Amino acid sequence: MNDLHYAVVVGINRYPAFSDLSGARGDAARFHDWLVDATGGNVPRENVALVTATERDEREADVMSAVPTRENVNRALYRTHCAVRAAVAAGGDWAETRLYVFLAGHGIAPFGGDAALLMANAAIDLLGNHIAVRPYLSWYESASPFHEIVFFADCCRTRFGGVTAFGPPFTDTTEAPDKVECFVGYGSALGDPAYEQRVPEPDQSRGHFTSALLEGLRGAGGGTVTAEGEVTSDSLARYVRRHVLDRTAGELVPQEARFLRETSTPIVFAQGLGGVGSYPVTLRFPPGFKGGVELRGRGFDEPRRLDVDGADHVASLVPGLYKVVADSLTAPEFTDGGFFEVVTGGGSVVQF
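Within every chain, residues take consecutive numbers counted from 1 along the sequence as written. Selection of residues for local features in this predicted model requires a pLDDT of at least 70, selection of side-chain atom pairs for listing and counting requires 80 or more, and totals for whole chains, interfaces and linings are taken over all residues. Calculated side-chain values reflect all of the structure's heavy atoms, with hydrogen atoms and water omitted.

By the naming in an unreviewed UniProt entry, the chain goes by Caspase family protein and is assigned to Streptomyces flavofungini.

**Digging into the sheet that holds strand β3 (residues 98-104)**
The condition that has to hold: Strand pairing is assigned whenever DSSP detects at least two bridges linking the two strands. Under the scheme used here, helices are H or I runs from DSSP no shorter than 4 residues and strands are E runs no shorter than 2 residues, and both carry numbers assigned from the N terminus. Helix axes are fitted only over the stretch in contact, all axes being lines through C-alpha atoms; the angle between N-to-C directions runs from 0 to 180 degrees. The contact definition used throughout considers only heavy atoms, calling two residues in contact when any of these lie within 4.5 Å.
Pairing is mixed across the open sheet formed by 6 strands, whose spatial order is β2-β1-β3-β7-β9-β11. Every interior strand has two partners, whereas the edge strands, β2 (48-51) and β11 (258-262), have only one. Mean inter-strand twist for the sheet, computed between neighbouring axes without regard to direction, equals 5°. Sheet topology note: the strand β1 (residues 5-11)/β2 ladder contains 4 bridges and is parallel. Directly across from Val 9, in β2, lies its bridge partner Leu 50. Where helix α5 (residues 208-217) meets the sheet, it contacts β3, β7 (148-154), β9 (181-186) and β11, and its direction lies at approximately 140° from that of β7.

**Here we look at the packing of aromatic side chains**
As a reminder of what qualifies: Aromatic rings from Phe, Tyr and Trp, with only the six-membered ring used for Trp, were paired whenever their centres fell within 6.5 Å, and each pair was classed as stacked if the ring planes differed by under 30 degrees, edge-to-face if by over 60, and tilted otherwise. Type-normalised accessible area, obtained with a 1.4 Å probe on protein chains alone, sets the label of each residue: buried when under 20%, exposed when over 50%, and partly exposed for intermediate values. Our definition puts a charge over a ring when NZ of Lys or CZ of Arg is within 6 Å of the ring centre and also within 35 degrees of the ring normal.
Scanning the entire structure with this criterion turns up 24 aromatic pairs. Both rings, one in Tyr 6 and one in Phe 146, keep their centres 5.9 Å apart while their planes meet at 65°; by these two values the pair is edge-to-face. Taken as a pair, Tyr 6 in strand β1 and Phe 146 in the loop between α4 (133-143) and β7 lie far apart in primary sequence, 140 residues in all. Assigned by exposure class, Tyr 6 and Phe 146 land together as buried. By the ring-pair criterion, three or more aromatic residues cluster together here, those being Phe 31, Trp 34, Tyr 100, Phe 102, Phe 152, Phe 183, Phe 209, Phe 259 and Phe 269. Looking at Arg 157, its charged tip hangs above the ring of Tyr 186, at a distance of 4.1 Å from the centre.

**Side note on the pattern of salt bridges**
Selection rule: Salt bridge criterion: a side-chain nitrogen from Lys or Arg within 4 Å of a carboxyl oxygen from Asp or Glu.
Applying the stated criterion across every chain yields a total of 14 salt bridges. Measuring nitrogen to oxygen at the nearest pair gives 3.6 Å for the salt bridge that ties Glu 71 to Arg 75. Of this pair, Glu 71 and Arg 75 both sit in helix α3 (residues 70-89), 4 residues apart, which is roughly one turn of that helix. On the accessibility criterion, Arg 75 (34% relative accessible area) is partly exposed. Each of the salt bridges in this network shares a partner with another, and the network as a whole consists of Glu 294, Arg 296, Arg 305 and Asp 327.

Laid out in structure tokens, this is it:
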């Protein structure tokens, strides 16, 4: 068990001064479940604070009584860094410490900040009621109660230049023992919206970013597992970016997840998932086919370019789902829409 890992998880559905959401509280609960799962984050349950409203709170609240508030979140964060400092003082290894902060709800991009979760008691003239990622992250980097800081914010990043990004009220009383490693995931690009899935039952609605994030953290059927059998911040970011964009391609503004890694090496979220090797796969195009194609799939930061002149192409690929897309709009339609799967062992021929 990761005894020196802690988490604060926030999810807000009910906003008396704005439109309500359907999936944020459920997303927070799902992330909490991954954290405390022995096959997931493996964080002690007592080290995780879930900051949400009850259903009764949501039914009865007005803008002045709505929870959670900024104070609720600050209190939970304060308890975590007091707890980890006590654990390190008692002999725990600071290098093994990690803090997860998960935020889901309505969001803005205030002046001096890149994303801020609006609290339940926010209103158009109370936008200062928020938790802003960048100022909070800066405090944790400076005060360094934790070696690793992981922030995930599944919220819109609509720009509000007239709103100042507020940091935490905590005092920095310690000198950094070492460099803090940071990994941040935003549900959308700066200035853009984040979406929930449209489903018949509102209670079953989920954020696209959180859904892809949890799939990736659990290995995504091998889609985020490295050759060493790990899920890392790099493999996770690649998977989430691709899948959030795919899931929201039909929206007026497709959602583009963004990630920031300020670490010397990738952060490891899961280990021992079974390393995978790469295998030779022959890509066979229609007779006479010529032109450029993109090969999209697992492990690619960007699509791989292929110039085809009617010949077979042999590619070294790890198991997973792939797609070939022709540059030309007049190119013949590929079999199965260009999708194909690589299985363990390789050596297969894919006929397009």
